Structures are given as structure tokens and as C-alpha cells.
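Summary of the model geometry
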Amino acid sequence: MRYRVLGSSGLLVSPICLGTMTFGEPVGEADAIELVHGAIDLGINFVDTANVYEGYKRFLGSPGGTAEEIVGKALVGRRDQVVLATKVCAPVGPGPQDRGLSASHILREVDRSLKRLQTDYIDLYVMHWPDKHVPLETTMAAMDQAVRQGKVRYVGASNHNAAQLCEMLWLADKRGWPKIVSSQIPFSLLRREFQNDLPFCERHAIGVTPYQPLQGGLLTGKYKRGNEPPVDSRVAEKPEWMWPLDDLLFDRLESIEALAKEIQSPFAQYALAWTLAQRGMSSLVVGSKRIEQIQDAVAAAALELPTEHFKKLDTICTPPWQQPDPVRG
Ligand SMILES: NC(=O)c1ccc[n+]([C@@H]2O[C@H](COP(=O)([O-])OP(=O)(O)OC[C@H]3O[C@@H](n4cnc5c(N)ncnc54)[C@H](OP(=O)(O)O)[C@@H]3O)[C@@H](O)[C@H]2O)c1
């Protein structure tokens, strides 16, 4: 495993990070613990969770906590082998203080996460979403407090754009607060709206840790035009989390698969290798139901795509800069 630096943290992380959003259901506790141990044995040293994750049971405002509890159990005796990331912001109850990036919510939730994770420190504490009701200064002062208390080592952002990241860096500089070290954005061959932010992250040592790099399993070759989805797949089990399988999507998937076949690469590995080759990438947050899927992801880290494939992929999956830009032309 060739580890990569996570932004300005100096932490060395595996290019594949184990996502835990499906811990609880469909990945039950015993299987999830085995997956964590299997991933560590394969060289993965980066685990991503969130206070709200509870698998398919999750609905807006449900209490969450299940995935953190499972990760906590899995890491008993192995805590120091992983860089552990968790997140705060999404609603964990019906009350107005049960969500967001206020100091009250952050400082309450950090304690709850520590308890469920059975640890006394979180390596990477991530602002899950922007919160338009809370001044960034309030949020960052609370993060600074959590770092000074020793509960958090580093701070990261998720679902923020480059302008918001820039404001965080500026405030940190101005006030002597911790700099954000990572940015977790939705990003895959099929979803590239943050593509233009990647050079900014690279320049400012913000390690990009994209989520859903397989677009929930669409980029694995298991969904075929005209066929029913496999019974144990996410499309069959949790269709509301997935995009509709329409002709435009299959046109793209089939074109990508043809390129993967040119170099005899399994589809999932090909998609992940493309993502890892993008600027600023530290580690891809990949979800897995079985150890074979993690093995597939780990194998992608050793795969290099031929140079000419990048251009071909840009014509299949159009990046944002090929759309009209009113400012830069
Ligand atoms: N920050 C955020 O807002 C945010 C949002 C979403 C997710 N996340 C993080 O990102 C992680 C990954 O998200 P995700 O699981 O939705 O997306 P993903 O990694 O793109 O997709 C993972 C799913 O694809 C299928 N799969 C994986 N490898 C495969 C393979 N080799 N062959 C066939 N199928 C394979 C599995 O589902 P099936 O086998 O069930 O089909 C697996 O659960 C989450 O666990 C979470 O940690 C963060």
C-alpha cells in the first residue's frame, strides 16, 4: 500500500478509506466488524463515519449513532491503527438544537461521538454540510475549542465549495485557529460538479477525500441495460438512494466499461483508478458490503490508466469546464 498525505495534517492515509454509511443495515454488526478488521489487514488505515449513520434505517432527523457504535466495537484494541474521521451537522432529532454547526451542537455531539466510538480522540472531525444559520467564525471557534480540549486532532469540511474552504483558511490564518486539512465532496466519473475546485485544494494542501466514487455501485458493471438489478444490490434494496437507471446512464456506463475492457480492468477498479488520478486526491471514501469489494478497491490503487483514456473519458462524462462559463468564456 502506498500511503498518501492527508492535506496539511501530515497524516499518511491509505488511498482507500473505508466508508461506514451502511453499517447497521444492510451490513449487520458482526459483518461490519469483520469488514473493518479485514480492511485493516489489507492495509487500509482510514475509516470514515458520521454521528448520523445508521444504514438504510436513516431518515431525516433520526437519532443515528449505529455506525459509530459498531466502529467503536471494531476498533477495541486497534484504535491506534486507524485515522478515524467522523462528522457533525445533519439532524439527529426534531429540536432546533439537534442539528447544525453551532457551538452548542458541535460540543455536545463531539462528546456523544467519542462515547460511541469508545475513544478519547477523533483524528478528523468533519463539518458534514455548510450551515447557513451559523457564522463560520462561531463554528471554527467551537472546532478550535474541541482541538484544544484534546478531543479532536484535525478539522475537515464536507460538501463545501472552494469559496467556503477559502473563507475557512482565511479565518484560521487570521485567528490562529486550526486549518482545515480535508474536503469530502461528492465526486466520481459520473458526478463532477466539484472538478474545478480540485486545483484549489491541491494548492492549499487540503486533502480531497471524495465520497461515492463508485456512485453507489453504478460504476461497477453490475447493472446491465434491460436486466433486473442483482437482488442484493443497492438499487434492489434501497432504490431511493440511487439514480434512475435510464438510457443516458447506460450509454455512459457501457462506454466506460468498453474502455476498462481495453486494458482488461474490472470496471470498479477502473473507475476508482481514474478518481485517484485527479488532482488533490488523498483517499477515496468507498462503501463496501463484502470483503471482496474492499479487495477490489484496494487493487485500484495500483492501477494506472493510459493517458489517452482521460481525454476519452472527458468526452463520455463531460466535466464542468466544458459547459459554457459566463465569466471565463
Ligand atoms: N460526506 C457526505 O455527505 C457523504 C455522503 C454519502 C456518503 N459518504 C461516505 O462515503 C461512503 C461511500 O458512499 P456509498 O457507499 O454511498 O458509495 P460508493 O462507495 O460509491 O458505493 C458503495 C457501494 O457500491 C457497491 N460496491 C462497492 N464495491 C463494489 C464492487 N467492487 N463491485 C460491485 N459493487 C460494489 C456496494 O453496494 P451494494 O453491494 O449494496 O450494491 C457498496 O456499498 C459512505 O460509506 C460514507 O462514509 C459521505
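Everything that follows concerns the structure shown earlier in this document.
None of the values given here were measured: they were computed from a predicted structure. (Residues numbered from 1 in each chain as written. Predicted model: local features only at pLDDT ≥ 70, side-chain atom pairs only at ≥ 80, totals over all residues.)

Residues in a regular strand project their side chains so that they alternate between the two faces of the sheet. Of the two faces of strand S10 (residues 284-287), the one lined by Leu 284 and Val 286 and the one lined by Val 285 and Gly 287 are each fully buried. Alignment of strand S3 (residues 16-19) against S10, held across four bridges, turns out to be parallel. Residue pairing in the sheet places Ile 16 in a bridge with Leu 284 of S10. (Buried ≥ 20, exposed ≤ 12 C-beta atoms within 10 Å, placed from the backbone. Helix = DSSP H or I, 4+ residues; strand = E, 2+ residues; numbered from the N terminus. Pairing = 2+ DSSP bridges.)

Here the focus is the nonpolar core. Grouped together as the largest cluster of nonpolar side chains are 85 residues, with contacts concentrated most on Cys 17, Val 47, Tyr 125, Ala 271 and Leu 272. Considering each element in turn, this core owes the most residues, eight residues, to helix H9 (residues 267-276). Among all residues touching Tyr 125, those that are not within four sequence positions of it are Thr 86, Val 110, Met 143, Ala 146, Val 152 and Val 155. (Core = buried A, V, L, I, M, F, W, Y, C linked by C-beta atoms within 7 Å. Contact = placed C-beta atoms within 7 Å.)

What follows covers the packing of helix H1 (residues 29-41) against helix H2 (residues 66-74). The geometry of H1 relative to H2 is characterised by a closest axis approach of 9 Å and an angle of 55 degrees between their N-to-C directions. Considering the angle they form, H1 stands oblique to H2. When you trace H1 past H2, the crossing you get is right-handed. Contacts between H1 and H2 involve Glu 29, Ala 32, Ile 33, Val 36 and His 37 on the former and, on the latter, Ile 70, Val 71, Lys 73 and Ala 74. Classifying every residue of the contact of H1 with H2 by side-chain character gives six nonpolar, one polar and two charged. (Axes fitted to C-alpha atoms, helices over the stretch in contact; angles between N-to-C directions. Parallel < 35°, antiparallel > 145°, perpendicular 65-115°, else oblique. Left-handed = near helix turned anticlockwise from the far one by under 90°. Nonpolar A, V, L, I, M, F, W, Y, C, P; charged D, E, K, R; others polar.)

On to the site of the ligand, then. Taken together, the neighbourhood of the ligand is formed by 28 residues, with Gly 19, Met 21, Leu 214, Gly 217 and Gly 287 sitting nearest. Take the shell around the ligand: its biggest share by element is three residues, from S10. Of the residues belonging to the shell around the ligand, the class tally is seven nonpolar, 16 polar and five charged. (Near = placed C-beta within 6 Å.)

A separate point is the packing of H9 against helix H10 (residues 291-300). Their axes nearest at 8 Å, the elements H9 and H10 cross at an angle of 45 degrees. By the angle between their directions, the pair H9 and H10 is classed as oblique. Seen along the crossing, H9 lies across H10 with a hand that is right-handed. Mapping the contact onto sequence places Ala 268, Gln 269, Leu 272, Ala 273 and Leu 276 in H9 and Asp 296, Ala 297, Ala 299 and Ala 300 in H10.

With six of its six residues buried, strand S5 (residues 83-88) lies for the most part within the structure. A two-sided burial pattern is seen for S5, the buried positions comprising Val 83, Ala 85 and Lys 87 on one face and Leu 84, Thr 86 and Val 88 on the other. The sheet contact formed by strand S4 (residues 46-48) and S5 spans three bridges and is parallel. Bridging from a neighbouring strand, Phe 46 pairs with Val 83 of S5. For the handedness criterion, the β-α-β arrangement of S4, H2 and S5 is classed as right-handed. Bridging between S5 and strand S6 (residues 122-127) involves four bridges; their strand directions are parallel. By the bridge assignment, Val 88 is partnered in S6 with Met 127. One crossover worth recording links S5 to the parallel S6 by way of helix H3 (residues 103-117), and it is right-handed. (Right-handed = clockwise from strand over helix to strand, strands pointing away.)

Another point: H3. Here H3 is 15 residues long and its end C-alpha atoms lie 21 Å apart, about the 21 Å a rise of 1.5 Å per residue gives. His 105, Ile 106, Glu 109, Val 110, Ser 113, Arg 116 and Leu 117 are the residues of H3 that are buried. The buried residues of H3 occupy an angular sector of 135 degrees when projected down its axis, which confines them to one face. Buried residues along H3 sit against H2, S5, S6, helix H4 (136-148) and strand S7 (152-158). Looking one or two residues beyond H3, the residue adopting positive phi is Gln 118, at roughly 55 degrees. (Expected span 1.5 Å × (residues − 1). Arc of directions from axis to C-beta.)

Such coordinate-based values are descriptive only and should not be taken to indicate function.
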